[in-house]
Amino acid sequence: MSKKLYTGGEIILKALGDQGVDVIFGYPGGVTLPLYDKIYQQNKVRHILVGHEQGGVHAAEGYARSTGKPGVVLATSGPGATNTVTGLVDALMDSIPLVCLTGQVVSNLIGNDAFQEADTTGITRAATKHNYLVHSTDDLARLIHEAFYVATHGRPGPVLIDIPKDVILGTGLYLMPEDVQPRNYNPKIRGDREKIEDAIQLLAAAKKPIIYVGGGVINSGQKACQLATQLVRMTGYPCTTTLMALGAFPASDPQFVGMPGMHGTYEANMAMHQCDVMFNIGARFDDRVTGKVGSFSPGSKKIHVDIDPSSLNKTIVADIGIIGDAGSVLEDMIRLWDEKQPTINTAAIKSWWNEIEKWRGVRCLSYDQGEKIIKPQFALENLRKLIQGSDFYVTTDVGQHQMWAAQFLHFDKPNRWMTSGGLGTMGYGVPAALGVQVAHPESTVVCVTSEGSLMMNIQEMDTIAKYQLPVKIFNLNNKVLGMIRQWQELFYDNHESECDLSGGPDFIGLAEAFGFKAIQVTDPDEVCSGIEKMLTTKGPVFLNIEVDRNENVFPMIPAGAPHNEIVLGPNQNLKTVDDKSNVMA
Amino acid sequence: MNNDITPNEVCEHTFSVLVDNEAGVLHRVVGLFSGRGYNIDSLTVSEVDSVEGYSKITIVTSGTLSVIEQIRAQLERLVPVQKVSDLTRDGRSVQRELALVKVQGEGDDRINSMQLADKFQAQVVDSTPESFVFEIVGSSDTLDRFIGEMRHIGLVDVSRTGIVAIARGADEM
Ligand SMILES: Cc1ncc(C[n+]2csc(CCOP(=O)(O)OP(=O)(O)O)c2C)c(N)n1
Ligand SMILES: [Mg+2]
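Everything quoted here is computed from the prediction, not taken from an experiment.

**A look at the overall build of chain B**
Here is step 1: Along the backbone of chain B there are five helices and nine strands.
Here is step 2: For chain B, the sequential pattern of α-helices and β-strands runs β-α-β-β-α-β-α-β-α-β-β-α-β-β.
Here is step 3: Once the C-alpha set of chain B is aligned to its principal axes, its extents read approximately 55 × 40 × 35 Å.
Here is step 4: Residue burial in chain B is summarised as follows: out of 173 residues, 42% are buried.
Here is step 5: Contacts in chain B between residues at least 24 apart in sequence constitute 71% of all its contacts with a sequence separation of at least 6.
Here is step 6: Surface exposure of chain B reaches about 9400 Å², of which carbon and sulfur atoms provide 46%.

Structure representation (structure tokens):
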């Protein structure tokens, strides 16, 4: 430890540098000015000036999801800090590692209703995995290093550090990351061997197994994804990946049956419903996946692996619950499997696949393009064809377009698909794409959105243009809050209450005003060439595709219904769900 | 704990939670209960180790077995929480509560309240010609009974600490 004194601002930048941070997303303000003065005088940590602090947090999420490294945000006190709240909760729900630094009024004014004071640690206590208020410049380095440790260990999540202006201005000692003994927070990594052996036995003896992969596998890292893929291939079992896990197992693999849940494929949901052994690794039995809990996969034994003990038995009781990191458990499992060489019931697995092929044969994602109006599915299918094989990343907003993107775009690699799953935050897509593109300047980054969500963080189009980031915005413009309209049509007697967006702005003019190249597509015949032009035009491009406002996302399991009550298309009646308390959730 | 409890039966559990004594830690624990809709029947908190900087929170809550299991897992997830023990599940424990009970009255009422206090081993900690303040330590049940009987005599005010608890036997937490 050196005895040299540094200012708080210098300590912050040094600590970020030593944590391997190369970029932060921020917005300045009164109390962070002394830190911005230090940012000005260095070039090790790059600062991206976003248009709104919420955008900054989503950008950091996109950066984190696409790199596997923690994302870093910097906001000022008061309104700067409160603007981060939605992004922080989004990261909390989707287990994204973030470190958010906020400025705070000088220590002796805290509690005085000072100008731009907010009780940031109080407000964000339920919005973060953990948060800190720094009392002295001497504590700063230790707390920043600890924040990175907490954000990235165990189940990842956002950690906030609130730093009063006098702490930034004052001087203190610096500590290197390795000099900081992280406190008593030691999540369990290794799964219990006995339970892993029990899991192998159960899984090997299964007649109708399913491997259900969740976002935890992506969080665990690329190696965990490879191991999951290896396990699926060596067993020959079907694999489904949640919305958060698309890409953890290659979508092009014939063993992939698609996504489960409300808008999942027929084959994935039927397989989940009918299986006799379910191996859940890193998924949390979200209610959008389980549907009616009491009827969820009624005949199966369930193995659940999660690094977060509170995920086990939260909604679905596991027959074998294994606490541990997905990668570590998979590694042990594959090794023990190799040692034991258990016999798989190949005949049963073969007839299980026959059943699954029958469900697959229903072709639940088919749609009817027709001649005049562009179907959103058609647009996305063409996007898939044209980006397949290239080095691409996709972010989405929230709504129908998000579900269609999940259904129609295929991911063969992890960390390529960024979406707001748990919180469902409209306004996530554009800033997330900005963060991804900053991390991967040479790759193709497409943001699939629709005009409702787009308007929620549209200011980040300016950030994208300002930094000349070649983000491609793929706007499925249906002139309506499509997902709202769909539910109103299906469950509220088609009362289209407050969802119409037909009076919206001229998006082409708007995109151009921001400095994007804008392309308009209105005819099915132009879709392909429009997408090609979007992909080949240099710099930021906005593609406005006018799509059918009346199209619905199918298949659909109504909220609170069991999986086998899946509705395949517009001509099949939606059954009313008896459990009314669940219907409109 | 007896094992004949059915999964849907609601039962009372006492948790002992050792936490870092830092700003906001009580808010985190209480916020977890209110945010997730768990009950708090009793809560006490105080520093127990000024060298290590640990406080202990004793929480009495109720729920089905799966809710109790969730509460434990959720508590363990909080970064400043060092140890959680479910005293109801993990074995036998001692549970105590203290109450200060103010009774008003003259003549026979004074005599009756003193006799009752004797019976419950409560101490007089304040007295005026027309009132007493009794201090009583015991199980919550005993306190309930004492206070209930004082009500007939002239109870005017009560303060209770909430339950503190510790596992029986030689083991540390
Ligand atoms: C911040 C926020 N507010 C409200 C909602 C509720 N919501 C979910 S989907 C949706 C409609 C989204 O419309 P749009 O972005 O146009 O997408 P589309 O469904 O048309 O594809 C709304 C309002 C939400 N998810 N997020
Ligand atoms: Mg729309």
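**Things to note about helix α9 (residues 193–204) of chain A**
Residue and element names in this part refer to chain A.
Here is step 1: The end-to-end C-alpha distance of α9 is 16 Å, a good match for the 16 Å that 12 residues give at a rise of 1.5 Å each.
Here is step 2: Within the span of α9, buried status applies to I196, A199, I200, L203 and A204. The buried residues of α9 occupy one face: seen down the axis, they fall within an arc of 120°. Within α9, the exposed residues directed more than 90 degrees away from the buried face are E194 and Q201.
Here is step 3: Where α9 is buried, its residues meet β11 (277–281), β12 (301–306), β13 (320–323) and α14 (326–340).

**Some thoughts on the coordination of the magnesium ion (ligand 2)**
Residues and elements named next belong to chain A.
Here is step 1: In the first shell of the magnesium ion (ligand 2), the protein supplies S450 (OG), E451 (OE), N478 (OD1) and V480 (O), at 2.1 to 2.3 Å from the metal.
Here is step 2: Sequence positions of the donors to the magnesium ion (ligand 2) reduce to the motif S-E-x26-N-x1-V. Taken together, the positions of S450 in the loop between β16 (444–449) and α19 (451–454) and V480 in the loop between β17 (472–477) and α21 (482–491) put the pair 30 residues apart, joining distant regions of the chain. Taken as a pair, S450 and V480 share a single burial class, namely buried.

**Overview of the sheet that holds strand β1 (residues 11–20) of chain B**
Residue and element names in this part refer to chain B.
Here is step 1: Ordered by their spatial adjacency, four strands build an open sheet running β2-β3-β1-β4, and the pairing between neighbours is antiparallel. The open sheet has two edge strands with one neighbour each: β2 (42–49) and β4 (81–86). Neighbour-to-neighbour, the strand axes of the sheet open up by a mean angle of 20°, direction not taken into account.
Here is step 2: By the bridge criterion, 10 bridges tie β1 to strand β3 (residues 54–63) in an arrangement that is antiparallel. Within the sheet, the bridge partner assigned to F15 lies in β3 and is I59.
Here is step 3: Here helix α1 (residues 25–35) sits on the sheet in contact with β1, β2 and β3, set at roughly 10° to β3.
Here is step 4: Across the sheet, helix α2 (residues 65–77) lies against β1, β3 and β4, angled at about 160° from β4, the strand it touches most.

**Quick notes on the site of ligand 1**
All names here are of chain A.
Here is step 1: Residues in contact with ligand 1 amount to 17 residues; listed here are only the nearest, Q400, H401, G424, S453 and N478.
Here is step 2: Within the backbone of G482, a nitrogen or oxygen atom sits 2.9 Å from an oxygen atom of ligand 1.
Here is step 3: With the chains in place, 76% of the 590 Å² that ligand 1 exposes on its own is no longer accessible.
Here is step 4: Those elements giving two or more residues to the shell around ligand 1 turn out to be α17 (400–408), α19 and α21.
Here is step 5: Tallied by class, the residues present in the shell around ligand 1 amount to seven nonpolar, nine polar and one charged.

**Re the packing of aromatic side chains**
One pair of aromatic rings is described through two measures. These are the centre distance and the angle between the planes.
Residue and element names in this part refer to chain A.
Here is step 1: Here the structure, examined in full by the defined rule, presents 16 aromatic pairs over all chains.
Here is step 2: Here W352 and W359 contribute two aromatic rings whose centre-to-centre distance is 5.9 Å and whose plane-to-plane angle is 85°, an arrangement assigned as edge-to-face.
Here is step 3: Note on W352: relative accessible area 0%, which makes it buried.
Here is step 4: Under the relative-accessibility criterion, W359 is labelled buried at 10%.
Here is step 5: Consider the rings of F411 and W417, whose centres lie 5.3 Å apart with planes at 50°: the pair is tilted.
Here is step 6: Residue class for W417 comes out buried when judged on its relative accessible area of 3%.
Here is step 7: For the cation-ring pair, K14 lies above Y174, with the distance from its terminal atom to the ring centre recorded as 5.0 Å.

**Points about the interface of chain A and chain B**
Interfaces are often sized by the amount of accessible area the parts lose when they come together.
Here is step 1: On the side of chain B, 13 residues touch chain A, which itself brings 16 residues to the contact.
Here is step 2: Buried surface at the junction of chain A and chain B, both sides included, amounts to about 1300 Å², of which 46% is carbon and sulfur.
Here is step 3: Of all residues in chain A, the largest losses of buried area upon contact with chain B belong to R125, H130 and R183 of chain A, amounting jointly to 39% of the total for that side.
Here is step 4: In this assembly, chain A and chain B are joined by one salt bridge.
Here is step 5: Here D308 of chain A and R77 of chain B are joined by a salt bridge, their closest N and O atoms 2.5 Å apart.
Here is step 6: For the interface between chain A and chain B, the tally reads six residue pairs in polar contact (both at pLDDT 80 or more).

**Here's the deal with the domain arrangement of chain A**
Residues and elements named next belong to chain A.
Here is step 1: Domains assigned within chain A are domain 1 (5–179), domain 2 (193–360) and domain 3 (376–546).
Here is step 2: For domain 1 versus domain 3, the distance between C-alpha centres works out to 30 Å.
Here is step 3: Across the boundary between the two partners, domain 1 contributes 25 residues, which contact 27 residues of domain 3.
Here is step 4: Across the interface of domain 1 and domain 3, roughly 1900 Å² is buried in total on both sides, 60% from carbon and sulfur atoms.
Here is step 5: It is H58, R65 and S66 that lose the most area in domain 1 upon contact with domain 3, and together they represent 25% of the buried surface on that side.
Here is step 6: Joining domain 1 to domain 3, the criterion identifies 11 residue pairs in polar contact (both at pLDDT 80 or more).
Here is step 7: Of all elements in the fold, only β2 (23–26), β3 (46–49), α3 (53–67) and α5 (85–93) reach the threshold of two or more residues within the side of domain 1 that touches domain 3.
Here is step 8: Classifying every residue of the side of domain 1 that touches domain 3 by side-chain character gives nine nonpolar, 11 polar and five charged.

**Concerning the nonpolar core**
Residue and element names in this part refer to chain A.
Here is step 1: Judged by nonpolar contacts, the single largest core of 100 residues is most densely connected at F279, L380, L383, V448, F474, M534 and I545.
Here is step 2: Looking at which domains feed residues into this core, each of domain 2 (193–360) and domain 3 (376–546) gives three or more.
Here is step 3: Within the second largest apolar cluster, 40 residues are counted, among which are A59, A60, L160 and V430.

**Quick notes on the environment of L434 of chain A**
Here is step 1: Position of L434 of chain A relative to the elements: it lies in helix α18 (residues 429–439).
Here is step 2: Residues L434 of chain A and C447 of chain A, 13 residues apart in the sequence, show an inter-C-alpha distance of 9.2 Å.

**A short note on the UniProt feature "domain: ACT" (unreviewed entry) in chain B**
Here is step 1: In this numbering, the UniProt entry assigns the feature "domain: ACT" (unreviewed entry) to residues 14–89 of chain B.
Here is step 2: The span residues 14–89 of chain B shows a helical share of 36% and a strand share of 41%, and its end C-alpha atoms are spaced 9 Å apart.

**Quick look at the sheet that holds strand β4 (residues 71–75) of chain A**
All names here are of chain A.
Here is step 1: In space, the six strands of this open sheet follow the order β3-β2-β4-β5-β7-β6, with parallel pairing throughout. Looking along the sheet, the strands with just one partner apiece sit at the ends: β3 and β6 (130–133). Strand-to-strand twist across the sheet, computed as the mean angle between neighbouring axes with direction ignored, equals 20°.
Here is step 2: Packed on one face of the sheet, α5 meets β5 (98–104) and β7 (158–164) and runs near 145° to β7.

**Structural notes on the packing of α3 of chain A against α18 of chain A**
All names here are of chain A.
Here is step 1: For the pair α3 and α18, interaxial distance at closest approach is 6 Å and the crossing angle is 50°. With respect to α18, the element α3 is oriented oblique. Judged by the sense of rotation from one axis to the other, the crossing of α3 with α18 is right-handed. Between α3 and α18, the residues in contact are G55, H58, A59, G62, Y63, S66 and T67 and P431, A432, L434, G435, V436 and A439, respectively.
Here is step 2: Taken together, the residues of the contact of α3 with α18 sort by class into seven nonpolar, six polar and no charged.

Reading the values: rules and limits
Residues numbered from 1 in each chain as written. Chains lettered and ligands numbered in written order. Predicted model: local features only at pLDDT ≥ 70, side-chain atom pairs only at ≥ 80, totals over all residues. Heavy atoms only, no water. Helix = DSSP H or I, 4+ residues; strand = E, 2+ residues; numbered from the N terminus. Buried < 20%, exposed > 50% of the residue type's maximum accessible area, 1.4 Å probe, protein only. Contact = heavy atoms within 4.5 Å. Areas by Shrake-Rupley, 256 points an atom, 1.4 Å probe, with all protein chains shown as cover. Expected span 1.5 Å × (residues − 1). Arc of directions from axis to C-beta. Donors = N, O, S within 2.8 Å, 3.2 Å for Na, K, Ca; no water. Pairing = 2+ DSSP bridges. Axes fitted to C-alpha atoms, helices over the stretch in contact; angles between N-to-C directions. Near = heavy atom within 4 Å. Polar contact = N/O pair within 3.5 Å; in protein donor to acceptor, adjacent residues only side chain to side chain. Nonpolar A, V, L, I, M, F, W, Y, C, P; charged D, E, K, R; others polar. Phe/Tyr/Trp six-rings, centres within 6.5 Å; stacked < 30°, edge-to-face > 60°. Lys NZ or Arg CZ within 6 Å of the ring centre and 35° of its normal. Buried area = accessible area lost by both parts, 1.4 Å probe. Salt bridge = Lys/Arg side-chain N within 4 Å of Asp/Glu carboxyl O. Domains from an automatic or database assignment. Core = buried A, V, L, I, M, F, W, Y, C linked by side-chain atoms within 4.5 Å. UniProt positions renumbered as here; feature names shortened; annotations may be inferred. Parallel < 35°, antiparallel > 145°, perpendicular 65-115°, else oblique. Left-handed = near helix turned anticlockwise from the far one by under 90°.

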